[in-house]
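Okay, here's what each chain looks like letter by letter:
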Amino acid sequence: MDNDKKNVCVIYTGGTIGMVHSEAGLRPEPGFLSGVLRDSPVFHSEGFPRIDVVEYEPLLDSSDMAPDDWNRIAGDICSRYRDYDGFVVVHGTDTMAWTASALSFMLQHLGKPVILTGSQIPLVDEGSDAFANLSGALRLASCPEFAGVTVFFDGQLLRGNRTVKTHSRKFSAFSSPDSPALSDIRADDASPAPAADQQATVTFTPIQPVKCGVITLFPGISVEQIETMLTAMPDGAILRTFGSGNSSQSDDLMKVLRRYTLAGGILINHSQCLGGGVDVGIYAGSSALQQAGAIPAGNMTLEAAMTKLMFLLSQEGERESVIATARDRYVLNIAGELIA
Ligand code: ASP
């Protein structure tokens, strides 16, 4: 036995990567991917860590995941944290960026890599991207310099809470706007995140059920529509605005938004643009939102903006003080989600 090998725990949640063909189409096959990882000599060859697999039951299509699934993944990492040098979360691609963002807030002070990966094409299919993604993630998960939550896909290691799924079919399915890859195998380039504290004790904050939502502005959306949607999300609303954070400045809209924030709702001004983000004051439309109580999301991804809101609202304490602290902390960089 090679005693220099690092130990990596694979948390296999589901996704296309481990699916097999059936008469009804692709479906997850329990035991299949775990068996490949256990039995294929290639995963035990030089350069690979020693691997243990925790397989979820049932295996999930990630479109079916909810915050309780994030809680389970984070809890499974936490309870095994001391036993491994790193973690690979095998996950469907559809909501991988959401899970990565959520985990980056829920698991603070990570001194080890937690790398999410999956594939566009199942491992069983010829020409699949599964082996390259899985093997790359396993190798990087044994490198302490890549501590933190990341996504490894198509040769690139991306910061988890800066990642967005930007293509539904290409192998290069993920991008990280405004933020360079931490490592790019294709460019033979690596710029690891600042060294993490290996000795720090990881903390786990589960996400609690909160009533938050997203409202995307479009030309012609009515104030009544916005008001109706806000009533269904009393805790927090991400308002997806135009350009650098602009909306109509109509008095009626501002009254509705003001009423919402005064009632305790946390209103976030998030730009629909993939890059650049919100810059309050360039246009009067963003200043009006600020006056109505909206908090700028800077250049956070939508996934980070929403999971950060859920995380901040999940802190323990009296509701009013949780809300007040959430408002104050929202603009701060908590887990590398904001790029200066
Ligand atoms: N629908 C699948 C999922 O997200 C797609 C994939 O894995 O690529 O689980």
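Please read these numbers as outputs of a predicted model, since none were measured by experiment.

1. Re helix α5 (residues 223-231)
Logical step 1: Three or more residues of α5 are buried, namely V223, I226 and L230. Projected down its long axis, α5 shows its buried positions confined to an angular sector of 65°, all on one face. α5 presents E224, T228 and T231 as exposed residues on the side facing more than 90 degrees away from its buried surface.
Logical step 2: Each element contacted by the buried residues of α5 is listed here: β15 (212-216), β16 (236-241) and α6 (251-262).

2. Description of the site of the ligand
Logical step 1: Around the ligand, a shell composed of G15, T16, D61, S62, S63, G92, T93, D94 and S119 is seen.
Logical step 2: Isolated, the ligand exposes 270 Å² of accessible area, and the fraction of that covered by the protein chains is 89%.
Logical step 3: Each residue belonging to the shell around the ligand can be placed in one class, and the counts come to no nonpolar, 7 polar and 2 charged.

3. Quick look at unusual backbone geometry
Logical step 1: E57 connects to P58 through a cis peptide bond whose omega is 0°.
Logical step 2: Among the secondary structure elements, P58 is positioned in strand β4 (residues 50-60).
Logical step 3: Even without being glycine, H109 reaches a positive phi, approximately 60°.
Logical step 4: In this structure, H109 sits in the loop between β6 (107-108) and β7 (113-117).
Logical step 5: Phi at D178 is positive, roughly 65°, even though this residue is not glycine.
Logical step 6: Residue D178 is classed as partly exposed on the basis of its relative accessible area, which comes to 36%.

4. Things to note about the pairing of strand β9 (residues 156-159)
Logical step 1: With 4 bridges joining them, strand β8 (residues 148-153) and β9 adopt antiparallel strand pairing. Within β9, the residue paired with T150 across the bridge is R159.
Logical step 2: Relative to strand β12 (residues 183-184), β9 runs antiparallel, the two being bridged by 2 bridges. The partner of L157 across the bridge, within β12, is S183.

5. Re the packing of helix α2 (residues 67-80) against helix α3 (residues 96-106)
Logical step 1: Interhelical geometry of α2 versus α3 gives an angle of 55° and a closest axis separation of 10 Å. Judged by the inter-axis angle, α2 sits oblique to α3. Classified by chirality, the crossing of α3 by α2 is right-handed. For the pair α2 and α3, contact is made by W70, N71, I73 and A74 and by W98, T99, A102, L103 and M106, respectively.
Logical step 2: Here the contact of α2 with α3 is built from residues that sort into 7 nonpolar, 2 polar and no charged.

6. With respect to the side chain of E303
Logical step 1: Locating E303 in the fold gives a position in helix α8 (residues 302-313).
Logical step 2: Here E303 is buried and forms no salt bridge, its nearest opposite-charge partner R240 lying at an N-O distance of 7.4 Å.

7. Looking at the nonpolar core
Logical step 1: Formed by 54 residues in total, the largest nonpolar core has its most connected members in I77, L116, I238, I266, I268, L309 and Y330.
Logical step 2: Counting residues per element, this core draws most heavily on α8, at 9 residues.
Logical step 3: In this structure, I268 is in contact with A237, I238, L239, I295, A297, L309 and Y330, ignoring residues within four places of it in sequence.
Logical step 4: With 25 residues, the next largest nonpolar core counts L59, L123, A141 and L182 among its residues.

8. Let's talk about the packing of aromatic side chains
Logical step 1: Using the criterion set out here, one finds 6 aromatic pairs in the structure.
Logical step 2: Ring plane angle 5° and centroid distance 6.4 Å describe the contact between Y81 and F87, whose orientation is recorded as stacked.
Logical step 3: A relative accessible area of 0% places F87 in the buried class.
Logical step 4: When the centroid spacing of 4.9 Å and the interplanar angle of 70° are considered together, the rings of F153 and F174 count as edge-to-face. A residue pair is termed long-range when its members are at least 10 positions apart, and F153 in strand β8 and F174 in strand β11 (residues 174-175) qualify at 21 residues. In this structure, F153 and F174 share a single accessibility class: buried.
Logical step 5: For K112, the ring lying beneath its charged end belongs to Y81, and the centroid distance is 4.6 Å.
Logical step 6: Positioned over the ring face of F48 is R139, at 4.4 Å from the centre of the ring.

Definitions and cut-offs
- Every chain is numbered on its own, with residues counted from 1 as its sequence reads.
- Since the coordinates come from a predicted model, pLDDT governs what is reported: local features require at least 70, and pairs of side-chain atoms require 80 or more to be given and counted, while whole-chain, interface and lining totals use all residues.
- Think of the side-chain values as coming from all heavy atoms in the structure, minus any hydrogens and water.
- Buried means the residue's accessible area, taken with a 1.4 Å probe over protein chains only, is under 20% of the maximum for its type, while exposed means over 50%, and partly exposed covers the values in between.
- Put simply, DSSP H or I for four residues or longer makes a helix, DSSP E for two residues or longer makes a strand, and each gets a number counted from the N terminus.
- To be clear, the arc concerns the directions from the helix axis to the C-beta atoms.
- What makes two residues a contact is simply this: any of their non-hydrogen atoms within 4.5 Å.
- Only a single heavy atom is needed: when it lies within 4 Å of a molecule or strand, its residue is near that molecule or strand.
- Working definition of accessibility: Shrake-Rupley area with a 1.4 Å probe, residue cover restricted to the visible protein chains.
- Amino acid classes used here: Ala, Val, Leu, Ile, Met, Phe, Trp, Tyr, Cys and Pro are nonpolar; Asp, Glu, Lys and Arg are charged; the rest, including Gly, are polar.
- Strand pairing is defined by DSSP finding a minimum of two bridges between the two strands.
- Angular values range over 0 to 180 degrees, each being the angle between N-to-C directions of two axes fitted as lines to C-alpha atoms, with helices fitted over their stretch in contact.
- When an angle is under 35 degrees it counts as roughly parallel; over 145 it counts as roughly antiparallel; between 65 and 115 it counts as roughly perpendicular; any other value is oblique.
- Should the near helix be turned counterclockwise from the far one by less than a right angle, the crossing is left-handed, whereas a clockwise turn marks it as right-handed.
- The charge count treats Lys and Arg as positive and Asp and Glu as negative. His and the chain ends do not count.
- Salt bridges are defined by distance alone: a side-chain nitrogen of Lys or Arg within 4 Å of a carboxyl oxygen of Asp or Glu.
- Note on terminology: a nonpolar core comprises buried Ala, Val, Leu, Ile, Met, Phe, Trp, Tyr and Cys residues joined through side-chain atoms within 4.5 Å.
- A pair of aromatic rings is counted whenever rings of Phe, Tyr or Trp (Trp by its six-membered ring) have centres within 6.5 Å, and the orientation is called stacked for planes under 30 degrees apart, edge-to-face for over 60 and tilted otherwise.
- Put simply, a charge is over a ring when the Lys NZ or the Arg CZ is close to the ring centre, within 6 Å, and near the line of the ring normal, within 35 degrees.

Keep in mind these numbers describe shape, not what the thing actually does.
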